[in-house]
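Structure at a glance
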Amino acid sequence: MDNYPTRQHFEEAASGIRTAMPDGLNPRTAIVLGSGLSGLADDVQSPTILDYRDLPHFPISTIPGHVGRLV
């Protein structure tokens, strides 16, 4: 990925997320969890988990303790 993502990168990432969603799942809300709060994602019932590595143009997490996934 270039240093600065383009609109095309964002559109392709969003398309990758939509494609990976189970049929009928159309999230309307997102919660961004910072350091120390990722444990809240463990409480999600019936989660869909997407690894950043599987999504186009998503940065790979390199910080220890950051899982690098969308839940």
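Residues numbered from 1 in each chain as written. Predicted model: local features only at pLDDT ≥ 70, side-chain atom pairs only at ≥ 80, totals over all residues. Heavy atoms only, no water.

**Things to note about the overall build of the chain**
Looking only at helices and strands, the chain features 1 helix and 2 strands. Taking all 71 residues of the chain together, 11% fall into the buried category. In the chain, 48% of the contacts between residues at least 6 apart in sequence involve partners at least 24 apart. Element-wise, carbon and sulfur atoms account for 52% of the exposed surface of the chain, whose accessible area totals about 6000 Å². Here the chain holds 5 positive side-chain charges and 8 negative ones, and the gap between their average locations is 5 Å. (Helix = DSSP H or I, 4+ residues; strand = E, 2+ residues; numbered from the N terminus. Buried < 20%, exposed > 50% of the residue type's maximum accessible area, 1.4 Å probe, protein only. Contact = heavy atoms within 4.5 Å. Areas by Shrake-Rupley, 256 points an atom, 1.4 Å probe, with all protein chains shown as cover. Lys, Arg positive; Asp, Glu negative; His and termini not counted. Charge placed at Lys NZ, Arg CZ, Asp CG, Glu CD.)

**Thoughts on the packing of aromatic side chains**
A full pass over the atoms with the stated rule returns 1 aromatic pair. A centroid spacing of 5.0 Å and a plane angle of 50 degrees characterise the contact between Tyr-52 and Phe-58, whose relative ring orientation is tilted. Residue class for Tyr-52 comes out partly exposed when judged on its relative accessible area of 21%. Assessed through its relative accessible area of 22%, Phe-58 is described here as partly exposed. (Phe/Tyr/Trp six-rings, centres within 6.5 Å; stacked < 30°, edge-to-face > 60°.)

**A closer look at unusual backbone geometry**
Located in the positive-phi region is Ser-46, a residue other than glycine, with phi close to 50 degrees. Tracing the chain through its elements places Ser-46 in the loop between α1 (7–20) and β1 (50–51). Notably, His-57 is not glycine yet its phi reads approximately 70 degrees, a positive angle. With respect to the secondary-structure elements, His-57 resides in the loop between β1 and β2 (69–70). Looking at His-57, the relative accessible area reads 30%, which means it is partly exposed.

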